[in-house]
Every structure is written in C-alpha cells, then in structure tokens.
Amino acid sequence: MVATKLDPKFKDEVSKTRGGQNIKRCYQCGTCNVGCPVREIEEKYNPRKIIRMTILGMRERVLSSEFIWLCSACYTCSERCPQDVRIADVMNALKNLAVKEGHVHSSFAKRLEVIEANGRLFPVSQFDNAKRKELGLPQIPPKNEEVQELCKLVGSSKPSNVGGGG
Amino acid sequence: MKYALFVGCLAPVMGRQFELSARKVAEKLGLELIDIEDFACCGFPLRSVDEETALLLATRDLCVAEGKNLDICTICTGCASTLAEAGKELSHDVGLREKVNEKLQKIGRAYKGEVKVKHFVRVLYEDIGLKKIKDQVKNSLEGLKLASHYGCHYLKPSDVFNEFEDPEVPKTLDQLISVLGAETVEYEEKIQCCGGVILDIDDNIALAMAQRKLEHVNAMGADAMVLMCPLCGSMYDRNQRVIERRFNASYGLPVLFYTQILGLALGIDPRELGLDMNRVKTSDLLSKLGF
Ligand code: SF4
Ligand code: SF4
C-alpha cells in the first residue's frame with residue numbers, strides 16, 4: 001500500500017467550516033451512497049468514502065479530488081443520514097477548503113467576478129431587456145452597486161477570485 | 001396578500017415563460033407581487049466556492065425586503081432554499097447575525113431577522129389554497145395526464161422549510177395539478193434530481209441524470225411534465241434535444257411550468273403564458289385542450 005500523508009486535524013478543520021459541523025458523527029453506514037442520483041450514473045462517486053477519507057485525515061487527496069465537485073446538492077442523503085451529517089453541506093465545506101488551497105474547478109473560477117460585475121450570475125443584456133419590455137416585464141438593472149461594494153469588501157483577498165485548475 | 005417578487009438570476013435568461021406566467025396567475029388570483037430593483041443574486045452559485053460571500057449576498061437580499069416590510073416570494077427553488085436557509089439561521093443565531101451585520105454595515109445595511117421566504121408554488125398552496133384555485137378554474141384540464149417534478153430545493157433541506165412538505169413523498173404540486181382537473185401520473189424515481197447544478201462540472205453525468213427521468217416519465221405515457229424551477233426547466237426542456245441526440249432517444253415531451261398550466265385552467269390566453277417560449281412544442285397539448 002502506498003503511504004499517504006495523514007493530517008489528523010483535517011476533520012477538525014472541516015467541522016469548523018460552515019456546513020461541516022457534523023462530519024465527525026459519521027459511522028459509515030453507507031445510507032448516503034444508496035439513492036445518490038450522481039452515484040446511480042457514475043459509481044466512482046462515493047460520498048461515504050469521501051467522508052471516510054476526510055475523517056482519516058487524507059487532506060490533500062480529498063481537497064484535490066475531482067469527486068467533491070460532483071455532488072449535485074440534491075440533499076437526498078442529508079435527509080436520510082441517521083447521524084445528521086448533512087453531507088451536501090459537508091461537500092460544500094470541502095469545496096470551500098479546496099478553493100483556499102487553489103483547487104478551484106474551472107467552471108467556478110470566474111463566478112465571483114461575474115456576480116460582482118453584474119449583480120447576478122447571468123447578465124441581462126440590452127436585448128433581453130428590450131424583449132422584457134415587449135412582454136410587459138420590468139427592466140433588470142445591468143449592475144448592482146451595493147453588490148460591487150460588498151464583493152470588493154470581502155473579495156479582494158479571496159482565492160476564488162483567481163482562475164485555476166481543478 | 002403581498003410579497004416581494006424575487007425572480008433570481010436564472011428565470012430571466014432561461015425561464016422567461018415562468019416569470020411571465022407567474023405574474024399573470026398572481027394577478028388573476030389576487031396575489032400582489034412587488035418588484036424591487038435592488039435585489040441581486042441570492043448567493044447560491046457561490047456556496048461551493050465561497051460560503052462567506054454567498055451568505056452576505058443572501059442576507060443583503062433579505063435586508064432589501066425587510067427595508068420594504070415585505071416577505072419574499074421566489075420563482076426559483078434554489079433561491080427559495082438559499083434565502084430561507086440564511087433567514088432561518090440568522091434569526092436563530094444571533095452571533096452569526098452580528099458577524100454578518102458587521103460586514104453589511106459597511107454598505108449601509110443590517111438585518112433584523114424578520115423576513116419569511118417562500119417559493120411561488122408554496123404561496124399558491126398555503127396562501128391562496130386549493131379551494132380558491134379550484135373555484136376559479138374556467139377550463140378544466142380533464143383528459144390530461146401530467147407528471148409532476150418537484151425541484152429538490154423546494155423540498156430540501158426540509159428543516160429549512162419547517163417540514164412543510166414530505167421530502168420522500170411530496171404531495172403539494174400533485175394536489176395543485178389535480179384541482180385543475182388533470183390526472184397526475186406516478187413514475188419511477190419521482191424525487192430524482194435534475195442534475196442541473198453539475199451541468200458545468202460534468203455534462204455527461206448531469207444529462208444522464210435528466211435523461212433517466214425523461215425515460216421514466218415517458219414510459220408512463222404522460223402528456224407533459226410539470227415543474228417549478230428554471231434550472232429543472234432548462235434540463236428537461238431546453239436540453240431535451242441535446243439529451244435525445246446524445247442518448248439516441250426520442251421523447252418530444254412537453255415540459256411546462258406549473259404556472260403555465262394553472263394559467264390555462266384559469267382561462268388566461270396561452271400567448272400570455274409564454275407557451276410559445278417552451279422549447280419542446282406545446283401545440284399538441286394545447287389542441288388536446290381545445291385551443
Ligand atoms: S449516511 Fe451519514 S452516517 Fe451513514 S455513511 Fe453517510 S454520512 Fe456517514
Ligand atoms: S446531496 Fe450530493 S452526495 Fe447527497 S445524494 Fe445528492 S448528489 Fe449525492
């Protein structure tokens with residue numbers, strides 16, 4: 001077996017991250033794997049194992065793993081987990097930590113910038129607004145200054161602002 | 001009945017017919033929706049990468065509604081769960097609220113913790129009610145077989161919504177369909193997720209998730225699928241051709257927002273409900289109803 005560097009503090013780090021609070025309660029029953037819609041399609045995706053690896057302290061393996069990005073946030077497992085581990089939120093906590101280590105999935109790399117610039121994930125073009133007018137729908141402003149201020153306030157030091165692999 | 005309408009990021013670009021039809025049925029049913037320009041992203045798209053900023057964005061939207069003394073009605077299930085979750089946490093956790101407000105004060109905002117958040121369909125169910133809707137039906141949808149699809153974030157996390165629905169065996173959307181005279185059809189894996197959240201991460205998996213549901217619904221001979229989230233709508237309607245090509249299948253299954261079929265039943269002109277904006281043609285369905 002290949003030796004992997006273990007970080008026994010990793011589970012504490014996750015449990016202190018928003019969403020990860022209950023991770024240490026997991027007793028590996030596997031309920032989360034059963035009925036996970038992503039796993040039904042791709043059996044390499046294994047939420048129970050991701051939690052196991054996290055508790056064991058396989059920090060680097062987990063945070064650089066592409067699998068943590070595959071959770072579709074459907075909350076099926078969170079509802080069914082007998083230990084209230086809130087797996088979907090744990091996945092979010094792991095992704096947040098991964099981002100801090102520079103592992104941003106490419107599809108997320110620019111999100112903060114886009115939202116900062118437009119106040120929304122999908123900018124509404126002039127064409128869209130013209131169409132809205134035709135339909136009697138109210139106009140949507142092209143930007144939101146408060147959001148820009150807010151993003152500046154918290155965003156400048158954020159690694160999620162940088163592009164990167166994943 | 002009065003709510004601040006939160007249209008979200010998705011509906012205006014990929015579910016305009018949803019926004020349009022929601023406004024029309026609201027008007028018809030005496031539900032007043034107030035537009036607020038200051039609303040911005042609910043924060044959901046950032047949760048994976050930056051929970052802190054995501055929560056600030058959600059709270060800012062709550063502040064905007066609170067400033068107008070209004071509760072929020074969303075048409076996107078993702079916005080509903082994100083804003084409701086933030087609202088619930090902030091009203092219970094004073095420490096968290098203080099921390100968030102410390103930041104928000106720098107842009108001149110502070111949240112007191114008083115805003116309630118509901119999805120449009122929940123407002124129909126709880127605030128308008130099945131009876132009132134039934135009483136207003138002008139064109140019964142009798143003869144139509146409709147398959148409901150509950151967006152995950154309409155149901156879950158269930159504690160965020162104070163267990164208003166049963167996440168394993170949901171019923172509200174089915175009841176709302178039944179009172180219009182249509183038959184609801186059961187199908188396999190009904191509470192299965194659409195996969196939309198991971199479309200940009202792995203489109204093979206996401207589209208395969210959506211394809212499974214199209215298979216199951218089609219197998220039961222449904223005339224259409226009925227849903228309530230612009231992201232689900234984009235997976236089953238906008239991407240249906242892509243799915244058909246990729247999986248060598250053929251469905252041609254109309255996918256309607258609940259507000260569209262409700263509007264038809266209430267006697268609103270199909271053109272006013274944006275039925276021509278649906279990707280999968282709805283003409284057969286309409287002619288079945290005598291339009
Ligand atoms: S369902 Fe909960 S307790 Fe069981 S393996 Fe999954 S996370 Fe652990
Ligand atoms: S929340 Fe994520 S891990 Fe849990 S069942 Fe859904 S896709 Fe699977």
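Source: prediction; values computed, not measured.

1. Some remarks on the sheet that holds strand 5 (residues 145–148) of chain B
All names here are of chain B.
Then, number 1: Ordered in space as 6-5-7-8, the four strands form an open sheet in which the pairing is parallel. The strands lining the two open edges of the sheet, one partner per strand, are strand 6 (183–184) and strand 8 (255–257).
Then, number 2: Where strand 7 (residues 224–227) lies against strand 8, three bridges are found, and the strand directions are parallel. Counted as the bridge partner of Leu-227 is Phe-257 from strand 8.
Then, number 3: Sheet contacts for helix 13 (residues 258–265): strand 5, strand 7 and strand 8; angle to strand 8, the most-contacted strand, approximately 75°.

2. Digging into the nonpolar core
Then, number 1: Leu94(A), Phe120(B) and Tyr258(B) are the most contacted members of the largest nonpolar core, which totals 154 residues.
Then, number 2: Among the elements that line this core, the one with the most residues is helix 3 (residues 51–67) of chain B, at nine residues.
Then, number 3: Apart from residues no more than four positions distant in its own chain, Tyr258(B) is found in contact with Leu124(B), Leu173(B), Leu176(B), Ile177(B), Leu180(B), Val226(B) and Leu227(B).

3. Brief notes about the site of ligand 2
Residue and element names in this part refer to chain A.
Then, number 1: What surrounds ligand 2 is the set Cys-36, Pro-37, Val-38, Tyr-45, Pro-47, Cys-71, Ser-72, Cys-74, Tyr-75, Thr-76, Cys-77 and Ala-88.
Then, number 2: For the shell around ligand 2, the secondary structure elements donating two or more residues are helix 2 (37–41) and helix 5 (76–80).
Then, number 3: Grouping the amino acids of the shell around ligand 2 by side-chain chemistry returns 10 nonpolar, two polar and no charged.

4. A short note on the environment of Gly113(B)
Residue and element names in this part refer to chain B.
Then, number 1: By the element assignment, Gly-113 lies in the loop between helix 5 (94–104) and strand 4 (117–119).
Then, number 2: Gly-113 sits 47 residues away from Glu-66 along the chain, and the two C-alpha atoms are 8.3 Å apart.
Then, number 3: Beyond its immediate stretch of four places on either side in the chain, Gly-113 contacts Glu-66 and Ser-91.

5. Points about the domain arrangement of chain A
Then, number 1: Entries for chain A in the domain assignment read domain 1 (10–100) and domain 2 (111–161).
Then, number 2: Computed over C-alpha atoms, the centres of domain 1 of chain A and domain 2 of chain A are 31 Å apart.

Analysis parameters
Residues numbered from 1 in each chain as written. Chains lettered and ligands numbered in written order. Predicted model: local features only at pLDDT ≥ 70, side-chain atom pairs only at ≥ 80, totals over all residues. Heavy atoms only, no water. Pairing = 2+ DSSP bridges. Helix = DSSP H or I, 4+ residues; strand = E, 2+ residues; numbered from the N terminus. Contact = heavy atoms within 4.5 Å. Axes fitted to C-alpha atoms, helices over the stretch in contact; angles between N-to-C directions. Core = buried A, V, L, I, M, F, W, Y, C linked by side-chain atoms within 4.5 Å. Buried < 20%, exposed > 50% of the residue type's maximum accessible area, 1.4 Å probe, protein only. Near = heavy atom within 4 Å. Nonpolar A, V, L, I, M, F, W, Y, C, P; charged D, E, K, R; others polar. Domains from an automatic or database assignment.

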